[in-house]
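Read off the chains here:
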Amino acid sequence: MTGLSYQAPWPLRDLVTALAEGTITAEEARARTRRRVAETEAELRAWVTPPAEIATAGAEVDGPLRGVPLGVKDIIDVVGFPTRCGSVLRAGAEPASTDAAVVTAWRRAGAIPAGKTVTTEFAFFAPGPTRNPVDTGHTPGGSSSGSAAAVASGQVPLALGSQTAGSVTRPAAYCGVAALVMSHGRLPNDGVTGLSPSLDAHGFYTARVTDLALAWSALTGARDAGLRSPRPPRVLLWTAQALGVVDPVMAEAVKSAGARLRAAGAVVDPFPEEHLAPELADAHLIVMAYEAARERAQELRVACRLSEPLAALLRGGATVSQADYKGARATVARGRSRLAGLLDTHDVVLGPAAPGVAPIGLTATGDPVLSRPWQALGLPAITVPGLRDAGGLPLGIQVVGRANGEEDLLASACFVESVIRTA
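What comes next is a walk through the structure. Bear in mind the structure is a predicted one, so any value in this text is a computation, not a measurement.

### Some points on the overall build of the protein chain
Then step 1. Each helix and strand counted, the protein chain has 13 helices and 10 strands in total.
Then step 2. Its C-alpha atoms give the protein chain a radius of gyration of 20 Å, near enough to 22 Å, the size a compact globule of 423 residues would have.
Then step 3. Expressed as lengths along the three principal axes of its C-alpha atoms, the size of the protein chain is roughly 55 × 50 × 40 Å.
Then step 4. The buried share among the 423 residues of the protein chain stands at 60%.

### Here's the deal with the packing of aromatic side chains
Then step 1. All chains considered together, the criterion is met by 5 aromatic pairs.
Then step 2. When the ring of Phe 271 is compared with that of Trp 374, the centres are 6.1 Å apart and the planes differ by 75 degrees; the resulting orientation is edge-to-face. Taken together, the residues span a long stretch of sequence, with Phe 271 in the loop between strand S7 (267-270) and helix H8 (276-295) and Trp 374 in helix H12 (residues 372-377) at a distance of 103 residues.
Then step 3. Measuring from ring centre to ring centre gives 4.0 Å for Tyr 290 and Tyr 325, while their planes differ by 15 degrees; the resulting arrangement is stacked. One end of the pair, Tyr 290, is in helix H8; the other, Tyr 325, is in helix H11 (residues 322-342), and 35 residues separate them in sequence.

### Some details on the nonpolar core
Then step 1. Trp 106 and Phe 204 are the most contacted members of the largest nonpolar core, which has 113 residues in total.
Then step 2. Not counting residues within four places of it along the chain, the set of residues in contact with Trp 106 comprises Leu 65, Leu 70, Ala 111, Leu 158, Leu 160, Phe 204, Ala 215 and Leu 219.
Then step 3. One finds Trp 47, Val 151, Val 177 and Tyr 205 within the second-largest nonpolar core, a separate group that totals 20 residues.

### Observations concerning the pattern of salt bridges
Then step 1. Going through the model one piece at a time under the given rule, you end up with 22 salt bridges.
Then step 2. With its nearest N and O atoms 3.2 Å apart, the salt bridge here joins Glu 39 to Arg 36. Of this pair, Glu 39 and Arg 36 are both found in helix H2 (residues 26-44), 3 residues apart, which corresponds to roughly one turn of the helix.
Then step 3. Arg 36 gets classed as buried once you look at its relative accessible area, which sits at 4%.
Then step 4. The residue Arg 329 makes a salt bridge to Glu 291 at a minimum N-O spacing of 3.8 Å. Of this pair, Arg 329 sits in helix H11 while Glu 291 sits in helix H8; the two residues are 38 residues apart in sequence, bridging distant segments of the chain.
Then step 5. On the basis of relative accessible area, Arg 329 is assigned to the partly exposed category, the value being 39%.
Then step 6. Glu 291 gets classed as buried once you look at its relative accessible area, which sits at 8%.
Then step 7. A cluster of three or more residues bridged by salt bridges with shared partners is formed by Arg 223, Arg 228, Glu 407 and Asp 408.

Rules of the game
- Residues numbered from 1 in each chain as written.
- Predicted model: local features only at pLDDT ≥ 70, side-chain atom pairs only at ≥ 80, totals over all residues.
- Heavy atoms only, no water.
- Helix = DSSP H or I, 4+ residues; strand = E, 2+ residues; numbered from the N terminus.
- Rg over C-alpha atoms; globule rule 2.2 N^0.38 Å.
- Buried < 20%, exposed > 50% of the residue type's maximum accessible area, 1.4 Å probe, protein only.
- Phe/Tyr/Trp six-rings, centres within 6.5 Å; stacked < 30°, edge-to-face > 60°.
- Core = buried A, V, L, I, M, F, W, Y, C linked by side-chain atoms within 4.5 Å.
- Contact = heavy atoms within 4.5 Å.
- Salt bridge = Lys/Arg side-chain N within 4 Å of Asp/Glu carboxyl O.

This is how it looks when you write it as C-alpha cells:
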C-alpha cells in the first residue's frame, strides 16, 4: 500500500466529550485540523481551499457541536467561500454571500465550517485530484471525495456530502469511514448546486456510526441513538447479485456480516425481491438524466467545456421523453410501496455499499449502481465501516431504513457496527 502516514480517523464523540470537559478548546481543535491538513494535504488533496486558507468562517454558536471543525463539499454555499463545483465553468466564482440552508443548520448545532472539500465536476463522475487515504493509488470514490478523504485521514471529524446516485455511500465504503445519506427532502437544498431535484439528498461523514448518531442528534434534536440500549435488529439481507457487479470478496463480507448478526441475536432473513434492484437502478438513470438536463440547462449550452461523461448525461437527458420520465417515476413509486411493506416487518435492509474495494487509479470514481435503487426510493442509508479485504482495503456495508426513519436506522446501524468491530 501507498497510504498516508497512518492516523486513524478523528472520532467526533471523543472530540465533543473533550470540548465539553474542557480538556481541549475549540481553537486547539481547529489547530489540530490545520496541523493534520499541513501534514497530509500535498499528497491527499482533499480541499479546494489551500491549507493555509482553511480558517474559521463565522462566529461559534453554543450548540452541542460547539467548536467542531466541519468540512463542506464544494457544491454547498458557505459564506465567504466561492462555490466552484469542481468545474472550470465556476473557476472565477465570487465568494458566497449567504450560507446554504444545510450549513445554517449545522452552524446552529455549533459546527464551524473549516473550508470547502473537493467534489467531482458538478457532483457527477469526472474526478478531482483527491486520493484515497488508505492507499493513495486507489480512488476515494465520488462525488463527495474530498469530504470522505478528509474524515478518513483525520483532518476533520465531520464533513458534509451530497448524494444523487452513490456520492456519499461509495466514498465512505472506499475510504473506510461511516456516512449517513438522509431521506430525500429531509433538509432543504437551498444554496446547493444540485443535479436532480427528486434524487439529490444531503449526507455527512464521521469516523464511526456512533459518531453519526451524535451528529444527527445535535443537528435535529433527536435522541442520540448511540446511547440507546442496543436491540438486535430485524434484517433483510440483500445480496445484490441481480445487478451482476458484486465482487466475490464483497459477497463473502455481506454473507459473513449476516452470520455474525444472526449469532448476536438479530433476525436475518433473505431479501425476498432481489429483482427490484435492477428495475429501480434503470429507473434511477432515466430520472437523473431527464432532471439533470433541465437542472443544468445553462451548462448544457456550453457542453463542449464539460467532461465527456457529464456532457453525455446532459445531452442524453435532453432526449428523454416526458412519457419515459413519467414511466420511470411510476416504477419508483411501485418500488417504494413494495419496500414499505417489507419494512413493516423488518427494520433494515443490509447489503454491499460498493461492488468491492476501491478500484486502482484516479481517473474514475467507481460504480454507484448499488446505491441507485435506494436513492431512487429516497430512503436513508448508512455506510458501516469495519470490514477489510486481505490487503487491508475497506469493504463498506450498506444499511437502509424507512423514509424519515433516521433515528431507528442509526440504532440498527450502531448494533451492526458493534458486531462487525468485535467479531
